[in-house]
Amino acid sequence: MQHIEIGIKNIQERIKKAMDLAERDSINDDVKLVAVSKFHTAQAVQCATRCGQWDFGESYVQEALIKQEELSVNDVLHRINWHFVGHIQSRKAKDIVGRFALLHSVDSEKLALLLNKHAQQLNIKQSILIQVNIGSEDQKSGVDVKNLRNLTQSILQCPYLELQGLMCLPPVFDQGLAARPYFAHLRNLKEDLSQYFGINLPHLSMGMSGDLEAAILEGASLVRIGTDIFGARSA
Ligand SMILES: *Cc1c(COP(=O)(O)O)cnc(C)c1O
C-alpha cells in the first residue's frame, strides 16, 4: 500500500502549488483534501490515515456502511470524517443521515425534506451541500442553476439541516484547466446565494484528480481526489 502514501504526498504537493499560484493563504482560506475511497478497501483507508488523512469520501451507501463497520473494530473510525459524494436515492436517505459528517450531493426539495425528517428523528443537525448541475448535462445529477434559489429557500426552512455550500462535477475535459469556467460559475452562484439570503456558506466542493488546480484557482475549499491517491478503480 506504499502507493497510497506516495499518492497522498503527490496530491499535497499539487495542492500546495495551486494554493501558491492562486495566492491563497492556508490559514484563512484553506482547502481540505477529501480522499475518495470508493471501490477501495477499508485497509486502503486505514493506510491513508497513517499519513494523517482523516477525510474520506464515498459514493455508494452499502459499500460505505460496510467499510465503516469494518473500521469500527479499532478506534480509527472515530477519528474519520466521512463525506458522502455520490447520488443520494430517496430510499437511502435514512441510512446516511448521521453517518456522514457532510453530504455533498443534495439536489432536490423532496430529498432535503426526507433528510430533515430523519435528522429530526435522531435529533441531530446534518451538514449538507447542494450539488449543482453546472454543465446542464442530462446524465448528471444536481439541481439546475435556475432552480438553485428555490431549493436553497426550502433547505433553509429545514431546522435539522445545515447548508454549508455548493458542490459540482463539471463536464469532463481532456485538460484540467478547461473546467475552470464551470468552477468560476459555481463560486459566483455561492456568492449570489450568500448575498441573497444573507447566509454564510463556507464550502465549495469542486476539483478531482484531473482538475484540482483549476478548482483551487477558483476558490475550492474541498477537493475530492480518488484515482491519484488510491489508483485506478476496478468497477
Ligand atoms: C469518484 C468521484 C471523485 C473522485 O474522482 P477521481 O477522478 O478518481 O479523483 C470525486 N467526486 C465524485 C462525486 C466522485 O464520484
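Let me sum up the structure you'll find in this document. Since this is a predicted model, take the numbers as computed values, not measurements.

### Section: the overall build of the chain
Per the secondary structure count, the chain includes ten helices and eight strands. Here the C-alpha radius of gyration of the chain, 17 Å, is about what a compact globule of 235 residues would show, namely 18 Å. Taken along its principal axes, the extent of the C-alpha atoms in the chain is 45 × 40 × 35 Å. A buried classification covers 50% of the 235 residues belonging to the chain. Sequence-distant contacts, at least 24 apart, represent 64% of the contacts inside the chain between residues at least 6 apart. Of the accessible surface of the chain, which amounts to about 11,600 Å², a share of 47% is contributed by carbon and sulfur atoms. Both charge centroids of the chain, one from 25 positive and one from 27 negative side chains, sit 4 Å from each other.

### Topic: the nonpolar core
With 65 residues, the main nonpolar core has Ile15, Leu115, Ile130, Val132, Leu166, Val223 and Ile229 as its most contacted residues. With six residues, helix H1 (residues 2-21) is the single largest residue contributor to this core. With near-sequence residues (within four places) excluded, Val132 lies in contact with Gly142, Val143, Val145, Leu148, Leu166, Met167, Cys168, Leu186 and Leu189.

### As for the packing of aromatic side chains
Enumeration over the complete set of coordinates arrives at four aromatic pairs. Ring centres 6.1 Å apart and planes at 45° place the aromatic pair Phe56 and Trp82 in the tilted group. Pair noted here: Phe56 is in strand E2 (residues 55-58) and Trp82 is in strand E3 (residues 81-84), with a separation of 26 residues, a long-range link. Classification of Phe56 by relative accessible area gives buried; the value is 0%. Ring geometry for Tyr196 versus Phe197: centroids 4.9 Å apart, planes at 85°, classification edge-to-face. One Lys or Arg, Arg79, reaches over the ring of Trp54 and ends 4.1 Å from the middle of that ring. A cation sits over an aromatic face here: Arg149 above Tyr196, 3.7 Å from the ring centre.

### Observations regarding the site of the ligand
Lining the immediate surroundings of the ligand are Val36, Lys38, Ser59, Val85, Met208, Ser209, Arg224, Ile225, Gly226, Thr227 and Arg233. Here a nitrogen atom of the ligand and a side-chain polar atom of Arg224 are 2.8 Å apart. Between the ligand and the protein, one listed contact pairs an oxygen atom with a side-chain N or O atom of Thr227 at 2.5 Å. When the free accessible area of the ligand is taken as 390 Å², the share hidden by the protein chains comes to 88%. Using a 2 Å cut-off from the grid points, one finds that the ligand occupies the largest pocket. Taken together, the residues of the shell around the ligand sort by class into four nonpolar, four polar and three charged.

About the thresholds
Residues numbered from 1 in each chain as written. Predicted model: local features only at pLDDT ≥ 70, side-chain atom pairs only at ≥ 80, totals over all residues. Heavy atoms only, no water. Helix = DSSP H or I, 4+ residues; strand = E, 2+ residues; numbered from the N terminus. Rg over C-alpha atoms; globule rule 2.2 N^0.38 Å. Buried < 20%, exposed > 50% of the residue type's maximum accessible area, 1.4 Å probe, protein only. Contact = heavy atoms within 4.5 Å. Areas by Shrake-Rupley, 256 points an atom, 1.4 Å probe, with all protein chains shown as cover. Lys, Arg positive; Asp, Glu negative; His and termini not counted. Charge placed at Lys NZ, Arg CZ, Asp CG, Glu CD. Core = buried A, V, L, I, M, F, W, Y, C linked by side-chain atoms within 4.5 Å. Phe/Tyr/Trp six-rings, centres within 6.5 Å; stacked < 30°, edge-to-face > 60°. Lys NZ or Arg CZ within 6 Å of the ring centre and 35° of its normal. Near = heavy atom within 4 Å. Polar contact = N/O pair within 3.5 Å; in protein donor to acceptor, adjacent residues only side chain to side chain. 1 Å grid on protein atoms, 1.4 Å probe; cavity = no way out; pocket = protein on both sides within 12 Å on 5 of 7 lines; lining within 4 Å. Sits in = over half its atoms within 2 Å of the grid points. Nonpolar A, V, L, I, M, F, W, Y, C, P; charged D, E, K, R; others polar.

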